[in-house]
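Read off the chains here:
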Amino acid sequence: MAHSTPQSNYPSPHQDPVRDSTASDIAWVQQRHTDWLFNPDEFKHTPSSRDGVPFSNEMMMRSKGISFLALVGMHLHLPQPTLYVAATMFHRFYMRFSIKRHHYYDIGATCIFLSTKVEETNRKLKDIVIACCRVAQKNDKLVIDEQSKEYWRWRDIILFNEELLLEAICFDLAIQNPYNILIHYTRKFIKDDKDRIALTKSAWAFVNDSARTTLCLRYPPRVLAAAALYCASTICHVTVLPEEYGRMWWDEIDVTIADIKDACNIMADLYESSPSKMGEQKYTRQQ
């Protein structure tokens, strides 16, 4: 199996960035999250690679699966945090199973179904099935008969794969997303309201786009939130809280600038490989 031992050097933050959770809850979630962090070399030895799928092909198929997942989420009007949790489940699944043997559309649909329950943004199975049918066939107005073979095929796929997905992610449903942490950082480090709004919009897009990469398997959520803030500040030309007492803002949250730039460069690689599939936001390499 491709499951790794903990790779993170990041301890739990001294202060809880999410108001509605206790410090002990967050510490537990973050410790669980480190069990799903992998180093770059481990991505060259995934179940898919051992099944003969080249690394670049696997990453391309993962990206297609996330695109499918996102489109289904749009049809269902799901909030971004729910889609991020679904994407995290998706990437974790393929660290245990081969993408050659489990189609990314099938697993993407199942991740949507499970994440809506975990995040309490429930949608009827019928609605998820219909959305999957329409997205898969690229027809937003497709009329789906609930007695049709296509309807029952998707329904059976989702219900069959739900147990497999739960086993693949070790029933670990405590998935923390970077969005609340990002909001905490922008409030902490950006004092001007106008700048904060612009930067938050850009940083939010960074987190959304990051789901198409394996960043959620490389860094904990607070590093992704910091990378989103850093990247957005360069795009929006907004100065994050200036250096105080010899410490930069990333030092205040115990994140290294090296990890921030590495995450930004992974996003730049994504943009360079498929700019037409990205939104208006451009990502450039950081030196």
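To be clear, the structure that these remarks concern was listed above.
Predicted model, so just to flag it, every value in this text is computed and none were measured.

Some remarks on the packing of helix H10 (residues 221-236) against helix H12 (residues 257-273)
Then, in step 1: Axis separation between H10 and H12 bottoms out at 9 Å; the angle between their running directions is 75°. Put simply, H10 runs roughly perpendicular to H12. Within the contact between the two elements, H10 uses Val-223, Ala-226, Ala-227, Tyr-230 and Cys-231 and H12 uses Ile-257, Asp-259, Ile-260, Lys-261, Ala-263 and Cys-264.
Then, in step 2: Across the contact of H10 with H12, the residue classes break down as nine nonpolar, no polar and two charged.

Examining the nonpolar core
Then, in step 1: With 85 residues, the main nonpolar core has Ile-112, Trp-249 and Ile-260 as its most contacted residues.
Then, in step 2: By residue number, the principal contributor to this core is H10, which donates 10 residues.
Then, in step 3: The contact partners of Ile-112, leaving out residues within four places of it in the chain, are Leu-69, Val-72, Gly-73, Leu-76, Leu-78, Leu-83, Ala-86 and Ile-128.

A look at the packing of aromatic side chains
Then, in step 1: Inspection of every chain in the model, using the stated rule, returns 14 aromatic pairs.
Then, in step 2: Pairing Phe-68 with Trp-154 gives two aromatic rings, centres 5.9 Å apart and planes at 15°, and the pair type is stacked. Pair noted here: Phe-68 is in helix H3 (residues 55-75) and Trp-154 is in helix H7 (residues 149-168), with a separation of 86 residues, a long-range link.
Then, in step 3: Taking 5.6 Å as the distance between ring centres and 55° as the angle between the ring planes, the aromatic pair formed by Phe-189 and Trp-249 counts as tilted.

Some words on H10
Then, in step 1: Helix length check: H10 (16 residues) gives 22 Å between terminal C-alpha atoms against 22 Å at 1.5 Å per residue, within 8%.
Then, in step 2: Across the 16 residues of H10, 13 count as buried, placing the element largely inside the fold.
Then, in step 3: Directly beyond the C-terminal end of H10, a positive phi value near 55° is found at His-237.

Topic: the side chain of Asn-161
Then, in step 1: With respect to the secondary-structure elements, Asn-161 resides in helix H7.
Then, in step 2: Among all residues touching Asn-161, those that are not within four sequence positions of it are Asp-106, Ile-107 and Thr-110.

Some details on the state of the cysteines
Then, in step 1: Under the counting rule described, the total for this entry stands at zero disulfides.
Then, in step 2: The thiol of Cys-132 is unpaired, and the distance to the nearest cysteine sulfur, on Cys-133, comes to 7.0 Å.

Quick word on the environment of Ser-115
Then, in step 1: Within the secondary structure layout, Ser-115 lies in helix H5 (residues 104-118).
Then, in step 2: The sequence separation of Ser-115 and Thr-88 amounts to 27 residues, and the corresponding C-alpha distance is 9.6 Å.
Then, in step 3: For Ser-115, the contacting residues outside a window of four places in its chain are Thr-82, Val-85, Ala-86, Met-89 and Thr-121.

Here we look at unusual backbone geometry
Glycine aside, residues mostly have negative phi angles, and peptide bonds mostly take the trans form.
Then, in step 1: The phi dihedral of His-77 is positive, around 55°, even though this residue is not glycine.
Then, in step 2: Mapped onto the fold, His-77 is located in the loop between H3 and helix H4 (80-93).
Then, in step 3: A positive phi angle is found at Cys-170, which is not glycine, with a value near 60°.
Then, in step 4: Of note, Cys-170 is situated in the loop between H7 and helix H8 (179-189).
Then, in step 5: By relative accessible area, Cys-170 is classed as partly exposed at 37%.

The rules behind each value
- Residues numbered from 1 in each chain as written.
- Predicted model: local features only at pLDDT ≥ 70, side-chain atom pairs only at ≥ 80, totals over all residues.
- Heavy atoms only, no water.
- Axes fitted to C-alpha atoms, helices over the stretch in contact; angles between N-to-C directions.
- Helix = DSSP H or I, 4+ residues; strand = E, 2+ residues; numbered from the N terminus.
- Parallel < 35°, antiparallel > 145°, perpendicular 65-115°, else oblique.
- Contact = heavy atoms within 4.5 Å.
- Nonpolar A, V, L, I, M, F, W, Y, C, P; charged D, E, K, R; others polar.
- Core = buried A, V, L, I, M, F, W, Y, C linked by side-chain atoms within 4.5 Å.
- Buried < 20%, exposed > 50% of the residue type's maximum accessible area, 1.4 Å probe, protein only.
- Phe/Tyr/Trp six-rings, centres within 6.5 Å; stacked < 30°, edge-to-face > 60°.
- Expected span 1.5 Å × (residues − 1).
- Disulfide = S-S within 2.5 Å.

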